[in-house]
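# Observations on the three-dimensional arrangement
Below are the chains, spelled out letter by letter.
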Amino acid sequence: MEEASKKRVFSGIQPTGGFTLGNYLGALKNWKNIQDEYECVYSVVDLHALTVRNDPATLRRQIREACAMLLALGIDPHKSILFVQSHVSAHAELSWLLSCYTQFGELSRMTQFKDKSQKHPDNINAGLFTYPVLMAADILLYDTDVVPVGADQKQHVELTRDVAIRFNGLYGDTFRVPEPLFTRVAARVMSLQDPAAKMSKSDPNENARIMLSDSSEAIVRKIKRAVTDSGSEVCRGEGKQGVENLMSIYGGVTGRSFEEIEEEFRGRGYGDFKAAVADAVVAELQPLQQEYQRILSDRGYLDGVLKEGSERASSIARKVLSRAQKRIGINIFR
Ligand code: TRP
């Protein structure tokens, strides 16, 4: 009874390059927290990762690592569906159908495509261009109500809505039109070396980011070296982006508001503050890392969870795919 009344969430994350503290505070911690309120479907989107070149052995390892990390940080396979995108072939199938209802012009306007093709001018492949269509397929296959995403993915969710509305307009109600969900805890974590840029796993400067797999020593060192600014007060304000970034990290981990943090560190310098931030991050990540190692070394358990996840995901996705195929006029035997 209760199950049926819950709204469905879908979200995805790429397996390559590991997860940063920014991924965790900005998205993944929220993935964990909404599991009781929503019926959640979470996917490790390995097909999306193919838009850049990957070493096959590394990719294979990173897919398992990403899944183990999601389980370690609290995605509960008894509550939510966790699966690897390529294990459910309906994603690639619906993606093709939707690409015939998405305009070249629309995809050309995607800012992520423009950014990425500037960054990799030697490999502007068609997959990079149609990336948002595959993402639309991900979302629409699960009759998704809400999609928790960061601000950088908002345009892709809007495109998903446009395509769903267009398809429904042509063939009658087929797809549920999803809403984006932005996290309430506004933890947009920035680079530790340049607080004007987002903390990114592809930043060439390792000190700019904290990875969820970083050792405690590395975390302490990186936070100690994080750029702050002249002045010594722990507060927000003009020219204080470095400190503000550390404040949102601290707030993201401890649940404290900016005001509470300013209060806590009034009259104390950056040194004290950075030590407290480092302690809090280490305390949050240490148990998670132990759990991660445990799960990663239990291949039977991990693969079992993923197998079951893909079966559950498939049974939902197949129905939606077949509904769309019939509407269009293919799938003539069913
Ligand atoms: N494009 C998303 C990102 O880079 C990942 C993603 C793929 C996704 N499919 C999705 C996110 C579906 C939400 C819903 O962050």
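From a predicted model like this one, the values you see are computed outputs, not experimental measurements.

## Considerations on empty space enclosed by the protein
What the rule picks out here adds up to 2 cavities of 30 Å³ or more. As for the second largest cavity, its lining consists of Gln-112, Phe-113, Lys-116, Leu-128, Tyr-131, Pro-132 and His-156. Of all elements in the fold, only helix H7 (111-119) and helix H8 (126-140) reach the threshold of two or more residues within the lining of the second largest cavity. The residue inventory of the lining of the second largest cavity, partitioned by class, reads 4 nonpolar, 2 polar and 1 charged.

## Details of the site of the ligand
By nearness alone, every residue bordering the ligand is listed as Phe-10, Ser-11, Gly-12, Val-45, His-48, Tyr-131, Met-135, Asp-138, Ile-139, Val-147, Val-149 and Gln-153. Between Gln-153 and the ligand, the recorded distance is 3.0 Å, taken from a side-chain N or O atom to a nitrogen atom. In isolation the ligand exposes 360 Å². Once the protein is present, 88% of that is buried. Secondary-structure elements contributing two or more residues to the shell around the ligand are strand E1 (8-13) and H8. The element that contributes the greatest number of residues to the shell around the ligand is H8, accounting for 4 residues. Broken down by class, the residue content of the shell around the ligand amounts to 7 nonpolar, 4 polar and 1 charged.

## Some words on the packing of aromatic side chains
A full pass over the atoms with the stated rule returns 13 aromatic pairs. Centroid distance Phe-83 to Tyr-142: 5.9 Å. Interplanar angle 45°. Geometry classified as tilted. Of this pair, Phe-83 sits in strand E3 (residues 81-84) while Tyr-142 sits in the loop between H8 and strand E4 (146-148), placing them 59 residues apart in sequence. On the accessibility criterion, Tyr-142 (0% relative accessible area) is buried. Geometrically, the ring pair formed by Phe-104 and Phe-129 is tilted, given 5.0 Å between the ring centres and 45° between the ring planes. Note that Phe-104 is positioned in helix H6 (residues 104-108) and Phe-129 in helix H8, a separation of 25 residues in sequence. What links up through ring pairs into an aromatic cluster is the set Tyr-101, Phe-167, Tyr-171 and Phe-175.

## Digging into the pairing of strand E2 (residues 39-44)
Of all 6 residues making up E2, 5 are buried, and the element is well covered by its neighbours. Pairing of E1 with E2 involves 6 bridges; the strand directions are parallel. The residue of E2 that forms the bridge with Gly-12 is Ser-43. At this point the chain moves from E1, through helix H2 (residues 21-33), to the parallel E2, and the crossover so formed is right-handed. Relative to E3, E2 runs parallel, the two sharing 4 bridges.

## Structural notes on the side chain of Gln-14
As for its position among the elements, Gln-14 is in the loop between E1 and H2. A polar contact is formed between the side chain of Gln-14 and the side chain of Tyr-131, at a distance of 2.9 Å. Contacts of Gln-14, omitting those with residues within four sequence positions, involve Phe-19, Val-45, His-48, Ala-49, Lys-116, Tyr-131 and Lys-201.

## Things to note about the pattern of salt bridges
Scanning the model with the defined rule gives 19 salt bridges in all. Among the salt bridges present, the one from Lys-222 reaches Asp-214, with a minimum N-O distance of 2.7 Å. Judged by relative accessible area, Asp-214 falls into the buried class, the value being 12%. A cluster of three or more residues bridged by salt bridges with shared partners is formed by Arg-236, Glu-259 and Glu-262.

## Topic: the nonpolar core
As a rule of thumb, soluble globular proteins bury nonpolar side chains together. Core analysis: the biggest nonpolar cluster contains 59 residues, and Tyr-24, Leu-70, Ile-249, Phe-273 and Val-281 have the highest contact counts within it. Per-element accounting of this core gives the leading share, 12 residues, to helix H13 (residues 270-297). Split by domain, the residues of this core number at least three in each of domain 1 (8-186 + 299-328) and domain 2 (206-293). The residues touching Tyr-24, leaving out its near neighbours within four places in the chain, are Lys-29, Leu-73, Leu-212, Glu-284, Leu-285 and Leu-288. Met-110, Leu-141, Ile-316 and Ala-324 belong to the second largest nonpolar core, which has 37 residues in total.

## Let's talk about the domain arrangement of the chain
With domains assigned, the chain is organised as domain 1 (8-186 + 299-328) and domain 2 (206-293). Taking only C-alpha atoms, the centre of domain 1 and the centre of domain 2 are 30 Å apart. Contacts between the two partners involve 13 residues from domain 1, matched on the other side by 14 residues from domain 2. Where domain 1 packs against domain 2, one counts 1 salt bridge. With its nearest N and O atoms 3.2 Å apart, the salt bridge here joins Glu-284 to Lys-29. Here domain 1 is connected to domain 2 by 6 residue pairs in polar contact (both at pLDDT 80 or more). At the level of secondary structure, the elements contributing two or more residues to the side of domain 1 that touches domain 2 comprise H2 and helix H4 (56-72). Looking at side-chain class alone, the side of domain 1 that touches domain 2 contains 8 nonpolar, 3 polar and 2 charged residues.

## Some points on unusual backbone geometry
Positioned with a positive phi, Asp-143 is a non-glycine residue whose angle comes to about 45°. Examined against the element boundaries, Asp-143 turns out to sit in the loop between H8 and E4. Within the chain, Asn-331 stands out as a residue other than glycine whose phi angle is a positive 60°. By secondary structure assignment, the location of Asn-331 is in the segment after helix H14 (299-328). Asn-331 sits in the buried class, given a relative accessible area of 18%.

About the cut-offs
- Residues numbered from 1 in each chain as written.
- Predicted model: local features only at pLDDT ≥ 70, side-chain atom pairs only at ≥ 80, totals over all residues.
- Heavy atoms only, no water.
- 1 Å grid on protein atoms, 1.4 Å probe; cavity = no way out; pocket = protein on both sides within 12 Å on 5 of 7 lines; lining within 4 Å.
- Points joined across faces, edges and corners; volume = space filled by probe spheres on them.
- Helix = DSSP H or I, 4+ residues; strand = E, 2+ residues; numbered from the N terminus.
- Nonpolar A, V, L, I, M, F, W, Y, C, P; charged D, E, K, R; others polar.
- Near = heavy atom within 4 Å.
- Polar contact = N/O pair within 3.5 Å; in protein donor to acceptor, adjacent residues only side chain to side chain.
- Areas by Shrake-Rupley, 256 points an atom, 1.4 Å probe, with all protein chains shown as cover.
- Phe/Tyr/Trp six-rings, centres within 6.5 Å; stacked < 30°, edge-to-face > 60°.
- Buried < 20%, exposed > 50% of the residue type's maximum accessible area, 1.4 Å probe, protein only.
- Pairing = 2+ DSSP bridges.
- Right-handed = clockwise from strand over helix to strand, strands pointing away.
- Contact = heavy atoms within 4.5 Å.
- Salt bridge = Lys/Arg side-chain N within 4 Å of Asp/Glu carboxyl O.
- Core = buried A, V, L, I, M, F, W, Y, C linked by side-chain atoms within 4.5 Å.
- Domains from an automatic or database assignment.

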